[in-house]
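Residue strings, one per chain:
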Amino acid sequence: MKRKPTKDRLFLNWQDEAVHTHSWFESHGISRQAVYQCVKKKLIKKLGGGAYIKAKDKLNWQSAVLTAQKELQLPFHVAGQTALELQGLGHFVKMGKKIPVYIVNRDNMRVPIWLKNNNWGVIFHFRTSSLFPPDLGLMKYNRSKFHFILSSRERAIMEMVSHLELKDSFETLERYFEGLLNLRGLLVQKLLENCSSIKVKRVFLYMADKLKLPVMKSLNTRRIQLGQGKRVIIKEGKLDKTYNITVPVYDNYSN
């Protein structure tokens, strides 16, 4: 049986705007020399560090994330505020500016040069975190043509608490919490029981309690370790006695 020409094999399974690396080419029987020839003929464009796109394609950050996860097997996911916005809480984003995309690494990994050095139309923020066990509360994002891994709403809001400088962002955080009326109690319970940050657990429970989120009715707070003593979240704030954290003085909620 006659083998298809390199060009046909190259583009047969190459989705528009997809980024591919040498591992993908090798899996399709395409040599590095053949890839070089396609670059030379301007059929594909090199992004650096062994990554390529089709010559006429635009850069798509979601494709870049998928490639890093799937082809390079990098242990990271889209997290926090970005994950929340992708799941319907994006109406707080200012239009006309490059949006931040928050990426959590599970290990101290080197970010691929092609991911750092190209203009993806967003601003990537990479952070190493061991806030949760690696796969707890992660999901596949299916609302685009690139099905990458991101945090569920339940995990994402806790990551957002962890990432924010709360002295400047309590009001912003509250607006995101207000949209979380359908959190899954079993998953929230698991996340809180396995969360490594006392601050995150206390702030989450404080905010969910303040806003009377339905999930509070299904939580067993006795099984959630909240540590001892108070935590200063806001330096000049007032002490919330239930969760032993300082909160903004403008907040009309107190116990």
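To start, this report covers the structure provided alongside it. Note that the structure is predicted; figures quoted are calculated from it, not measured.

**Things to note about the side chain of Ser63**
In step 1: For Ser63, the location among the structural elements is in helix H4 (residues 61–70).
In step 2: Excluding residues within four positions of it along the chain, Ser63 makes contact with Glu17, Ala18, Val19 and Phe146.

**What to know about the sheet that holds strand E1 (residues 20–21)**
In step 1: The antiparallel open sheet is built from 3 strands, whose spatial order is E1-E3-E2. In this open sheet, the two edge strands, each paired with only one partner strand, are E1 and strand E2 (44–48).
In step 2: Strand direction decides the pairing type here: E2 and strand E3 (residues 51–54), joined by 4 bridges, are antiparallel. Paired with Lys46 across the two strands is Tyr52, which belongs to E3.

**Quick notes on the nonpolar core**
In step 1: If you look at the biggest cluster of nonpolar residues, it comprises 77 residues, and the most contacted ones within it are Trp61, Trp120, Ile157 and Phe204.
In step 2: Top contributing element to this core by residue count: helix H10 (residues 198–210), with 7 residues.
In step 3: Residue contacts for Trp61: discarding those within four places in its chain leaves Val78, Thr82, Leu86, Val101, Trp120, Val122, Phe124 and Phe148.

**Some words on the environment of Leu211**
In step 1: Here Leu211 is to be found in the loop between H10 and strand E9 (238–240).
In step 2: Separated by 30 residues in the primary sequence, Leu211 and Leu181 have C-alpha atoms spaced 9.7 Å apart.
In step 3: Dropping the residues within four chain positions of it, Leu211 is found in contact with Glu174, Phe177 and Glu178.

**Topic: H10**
In step 1: Counted at 1.5 Å a residue, the expected span for H10 with its 13 residues is 18 Å, and the 18 Å between its end C-alpha atoms agrees.
In step 2: The buried fraction of H10 amounts to 10 of the 13 residues, a majority that puts the element mostly inside the structure.
In step 3: The set of residues buried in H10 consists of Val200, Lys201, Arg202, Val203, Phe204, Leu205, Tyr206, Met207, Ala208 and Lys210.
In step 4: Capping of H10 at its N-terminal end is provided by Ser197; its side-chain oxygen lies 3.4 Å from the backbone amide nitrogen of Lys199.

Rules behind the numbers
- Residues numbered from 1 in each chain as written.
- Predicted model: local features only at pLDDT ≥ 70, side-chain atom pairs only at ≥ 80, totals over all residues.
- Heavy atoms only, no water.
- Helix = DSSP H or I, 4+ residues; strand = E, 2+ residues; numbered from the N terminus.
- Contact = heavy atoms within 4.5 Å.
- Pairing = 2+ DSSP bridges.
- Core = buried A, V, L, I, M, F, W, Y, C linked by side-chain atoms within 4.5 Å.
- Buried < 20%, exposed > 50% of the residue type's maximum accessible area, 1.4 Å probe, protein only.
- Expected span 1.5 Å × (residues − 1).
- Polar contact = N/O pair within 3.5 Å; in protein donor to acceptor, adjacent residues only side chain to side chain.

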